[in-house]
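Per-entry structural report
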Amino acid sequence: MKSLVLTLFFCLFTLISSAQKSEYAVAAIADSLKENANAVVRFDQIDIAILSQRSMNTKNHRVVTVLNEKGVSAIQAYEYYDKSTSVKSIEATIYDALGKEIKRIKRKDFKDQSVVGGSTLFSDSRVVYLDYTPISYPFTVEFNSEVQTSSTAFIPSWMPLKGFYTSTEKAVLNVVYPADLGFKKKELQFSGFNIKKTTDSSTQLSYTASTILAQKQEDYSPAYKDLFPKVMMGLEYFHLEGVDGTATNWTEFGKWYSEKILSGTTDLPEETKAKIKAIVGDEKDPIKKAKLVYDFVQKKSRYVSIQVGIGGWKPMLATDVDRLGYGDCKALTNYTKALLQAVDVPSYNTVLYGDTYKTNIESDFVSMQGNHMILSIPNGNHYTWLECTSQDDPFGYQGTFTDDRDVLVIKPEGAEIVRTKVYADEGNTQNEKGSYTIDENGHFSGAIVIHSEGSQYASRVRTEHLSPTEKEAHYKEYWDNISNLKLGKITLNNNKETIRFTEDVQLSASNYAAITGNKMMFAVDAFNQTSANVKRIRNRKNPFQIQRGYLDADEIEINLPAGYTIEFLPSNFELKGKFGAYKTEIIKKENNKLLYKRSLFLNKGKYSNKEYDDYRLFMEQVSKNDNAKIILTKN
């Protein structure tokens, strides 16, 4: 009888255990959550316990159903650790489409590696992550982790929806903290999402989000971090890199960071100081001195990619960078600062969000922010900005990774929010001047010189470092409107003084013009046809933005074939509106020549979803006119 009872108990236990995970079955997901989704976050709970100014514990319990290959990135089963942070536990369980457990993965089965492969500098900075190759789709991952840290300066933001094409069934945030540490929060983009604040007291904060549907990434959309709900958190009394800190405003924060984190990191060997002083010589102008120092750093050092916040917030010592010749953004910025200091040029470490998508430091929320560091040098009533990780950037050029955004300049007397260089739309230029000839068989031969400046310099200068094969592929893609393209001589000139990149390209193509009977037809604009295909999006939800405006100006001479006369020329065309201006003109010249002039100016800006169709129609007219044809008749 006892044996029978035990048997029944274990059978019942097994049934209950199996039933407990039946909620992970794909069939249990509401159809609305699967629409437009590559993955569904079934449950995501984060419990943050700030135990004291020097102790924080974070527990994660995350369940994600991956519907297809594109949804794998939504699993996010990893944790970083270093000398101040330890991973107390980490595990994962894999379930099939029916919710049946198929694999359990313990800590020893996770991959554990340095955040920078092959670098001894950051050997303390590591990541432990799940490396799982699915047998089939869909499948579900249940992830649990616990992390303990002495650093309380950086409390991760809570985002119940972390990307496009992912939906969230339920997400929970629970934070507990001592009442005397000055806990603060900032809620962003809650409108239109089902989020409830369940607790908000002097020692506890809790939110629950439910049924957040997947969103498509619409063309020209802002980044998901500017669209989806987010809670930023911080403390007025915190701990970082073994040092207690207090900051209720940016002035206090800057003083603390300068005195407690950056202090003592800029010492250099006397030999190096003597070397940089010899390079600078008798130069008195601070900016000219800085230019010589920047050139020295570019030639001597190389960049090891690791974002701010991983591997610590304290830069490695300038003496170590000097000895080893490499470092991350913090290290190389600090090294450049140390060299400038040696020749009496003041400069400041500057924290920001580095990305081609512009993101500001939240100026009204004093906290650890940013993922990148550059150097700022006072220059009259503004700053010269140095990207110290690049071995190629011209002095003072920001390109599209750090331009036009609010950044935090850290000075000994206190930090301040400053806007980095704004490249005006009309300064982001691409000027083309060239010519092409169409022979009597419709074959094309020509040459074009392209000058690029401003943000367009950043996009074009990359060509300089391409291999011959890559270069050929690049130009064939750029001029994909020319079939049978053959490239001739290519001459590139990168003028870092004027920050101007010049491309001089010779090219040819057979059968560029279509010949039917005694008619010949070809597109006037061979070199700069608008390729931006602005998709029609019905019921667009999100606003759209043009991150950077630009001005293209082209002047092309066209040599028509002998024995042909012009039957049809496209009319001159002009278009103006809130998005910009476009103009073309064709001028007849002697000896069967034409001069084609074209300009396109585009305004940067943020626009409502209702204006998207107007923009699409604007660009559609540009594209249509760029493809306008000349028709010739044989004599």
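Residues numbered from 1 in each chain as written. Predicted model: local features only at pLDDT ≥ 70, side-chain atom pairs only at ≥ 80, totals over all residues. Heavy atoms only, no water.

All right, on to the overall build of the protein then. A count of helices and strands for the protein gives ten helices and 37 strands. Taking the principal axes of the C-alpha coordinates as reference, the protein spans close to 110 × 75 × 40 Å. Intrachain contacts of the protein at a sequence separation of at least 6 include 72% that bridge at least 24 residues. Of the roughly 30,000 Å² of accessible surface on the protein, 49% is carried by carbon and sulfur atoms. (Helix = DSSP H or I, 4+ residues; strand = E, 2+ residues; numbered from the N terminus. Contact = heavy atoms within 4.5 Å. Areas by Shrake-Rupley, 256 points an atom, 1.4 Å probe, with all protein chains shown as cover.)

Enumeration over the complete set of coordinates arrives at 41 aromatic pairs. Aromatic pair Tyr137 and Phe139: ring centres 5.7 Å apart, planes at 50°, arrangement tilted. Look at Tyr137 and you get partly exposed, because its relative accessible area is 36%. Relative accessible area serves as the criterion here: at 2%, Phe139 is assigned to the buried category. Between the aromatic rings of Trp250 and Phe253, the centroid separation amounts to 5.6 Å while the plane-to-plane angle is 85°, which identifies the pairing as edge-to-face. Of the two residues, Trp250 and Phe253 both sit in helix 3 (residues 250-262), three residues apart, roughly one turn of that helix. Given a relative accessible area of 10%, Trp250 falls into the buried group. Through successive ring pairs, a cluster of aromatic residues spans Tyr436, Phe444, Tyr475, Tyr478, Trp479, Tyr512, Phe522 and Phe527. (Phe/Tyr/Trp six-rings, centres within 6.5 Å; stacked < 30°, edge-to-face > 60°. Buried < 20%, exposed > 50% of the residue type's maximum accessible area, 1.4 Å probe, protein only.)

Bridge count between strand 4 (residues 85-95) and strand 5 (residues 101-105): four bridges; the pairing is antiparallel. If you follow Thr93 over to strand 5, its bridge partner there is Arg104. Connecting strand 4 to the next strand, strand 5, in antiparallel fashion are five residues, including Gly99 with a positive phi near 90°. (Pairing = 2+ DSSP bridges.)

Our next topic: the sheet that holds strand 22 (residues 406-409). The strand order across the open sheet built from five strands is 21-20-19-22-23, with neighbouring strands paired in antiparallel fashion. The two strands at the open ends of the sheet, each matched to only one other strand, are strand 21 (382-386) and strand 23 (416-419). Averaged over all pairs of adjacent strands, the angle between their axes in this sheet comes to 40°, without regard to strand direction. Here five bridges tie strand 20 (residues 372-379) to strand 21, and the two strands are oriented antiparallel to one another. Residue pairing across strands places Leu375 opposite Leu386, the latter belonging to strand 21. (Axes fitted to C-alpha atoms, helices over the stretch in contact; angles between N-to-C directions.)

This brings us to the environment of Asp392. On the secondary structure map, Asp392 appears in the loop between strand 21 and strand 22. By relative accessible area, Asp392 is classed as partly exposed at 38%. C-alpha separation for the pair Asp392 and Gln298, spaced 94 residues apart in sequence, amounts to 7.3 Å. Ignoring anything within four residues of it in the chain, the contact list for Asp392 reads Gln298, His465 and Lys496.

With that settled, consider the side chain of Thr350. Structurally, Thr350 is set in strand 19 (residues 348-352). Taking the relative accessible area as the measure of exposure, Thr350 reaches 0% and is therefore buried. Side chain to side chain, Thr350 and Ser376 meet in a polar contact 2.9 Å long. (Polar contact = N/O pair within 3.5 Å; in protein donor to acceptor, adjacent residues only side chain to side chain.)

Across five bridges, the pairing between strand 29 (residues 519-523) and strand 37 (residues 629-634) is antiparallel. Paired with Met520 across the two strands is Leu632, which belongs to strand 37. In the sheet, strand 32 (residues 564-568) pairs with strand 37 via four bridges, with the strands oriented antiparallel. Note that in strand 37 the partner of Tyr564 across the bridge is Lys634.

Moving on to the pattern of salt bridges. Overall, the coordinates contain 41 salt bridges when judged by the stated rule. For Glu169, the salt bridge goes to Arg42, with nearest N and O atoms at 3.0 Å. Residue Glu169 is located in strand 10 (residues 166-176), and its partner Arg42 is located in strand 1 (residues 39-52); the two are separated by 127 residues in the primary sequence. One salt bridge connects Asp244 with Arg54, and the closest N-O pair in it is separated by 2.8 Å. On the criterion of sequence distance, the pair formed by Asp244 in strand 16 (residues 243-246) and Arg54 in the loop between strand 1 and strand 2 (55-66) is long-range, its members being 190 residues apart. In this structure Asp244 comes out as partly exposed when scored by relative accessible area, which is 30%. (Salt bridge = Lys/Arg side-chain N within 4 Å of Asp/Glu carboxyl O.)

Time to look at the sheet that holds strand 3 (residues 78-81). The strand order 3-7-6 describes an open sheet built from three strands, whose pairing is antiparallel. With partners counted over all chains shown, the strands left at the sheet margins are strand 3 and strand 6 (111-114), one partner each. On average, each strand axis in the sheet is tilted by 20° relative to the strand beside it, whichever way the strands run.

Attention now goes to the packing of helix 4 (residues 270-280) against helix 7 (residues 329-342). The interhelical angle for the contact between helix 4 and helix 7, taken along N-to-C directions, is 70°, at an axis separation of 9 Å. Taken together, the axes of helix 4 and helix 7 lie roughly perpendicular to each other. Remark: the crossing between helix 4 and helix 7 carries right-handed chirality. For the pair helix 4 and helix 7, contact is made by Thr272, Lys273, Ile276 and Lys277 and by Tyr335, Leu339 and Ala342, respectively. Looking at side-chain class alone, the contact of helix 4 with helix 7 contains four nonpolar, one polar and two charged residues. (Parallel < 35°, antiparallel > 145°, perpendicular 65-115°, else oblique. Left-handed = near helix turned anticlockwise from the far one by under 90°. Nonpolar A, V, L, I, M, F, W, Y, C, P; charged D, E, K, R; others polar.)

Next up on the list: unusual backbone geometry. In this chain, Tyr137 is followed by Pro138 through a cis amide linkage whose omega measures -5°. Turning to its location among the elements, Pro138 is positioned in the loop between strand 7 (126-129) and strand 8 (139-149). A positive phi is found at Asn36, a non-glycine position, where the angle reads about 65°. Note that Asn36 resides in the loop between helix 2 (31-34) and strand 1. Of note in this structure, Asp344 is not a glycine but carries a positive phi near 65°. Its place among the elements puts Asp344 in the loop between helix 7 and strand 19. A relative accessible area of 65% places Asp344 in the exposed class.

This part is about helix 10 (residues 612-626). A rise of 1.5 Å per residue sets the reference length of helix 10, with its 15 residues, at 21 Å; its end C-alpha atoms lie 21 Å apart and thus fit the reference within 8%. Among all positions of helix 10, only Tyr612, Tyr615, Arg616, Phe618, Met619, Val622, Asn625 and Asp626 are buried. Looking at the packing, one finds that the buried side of helix 10 touches strand 30 (544-546), strand 33 (573-577), strand 34 (580-589) and strand 35 (593-602). (Expected span 1.5 Å × (residues − 1).)

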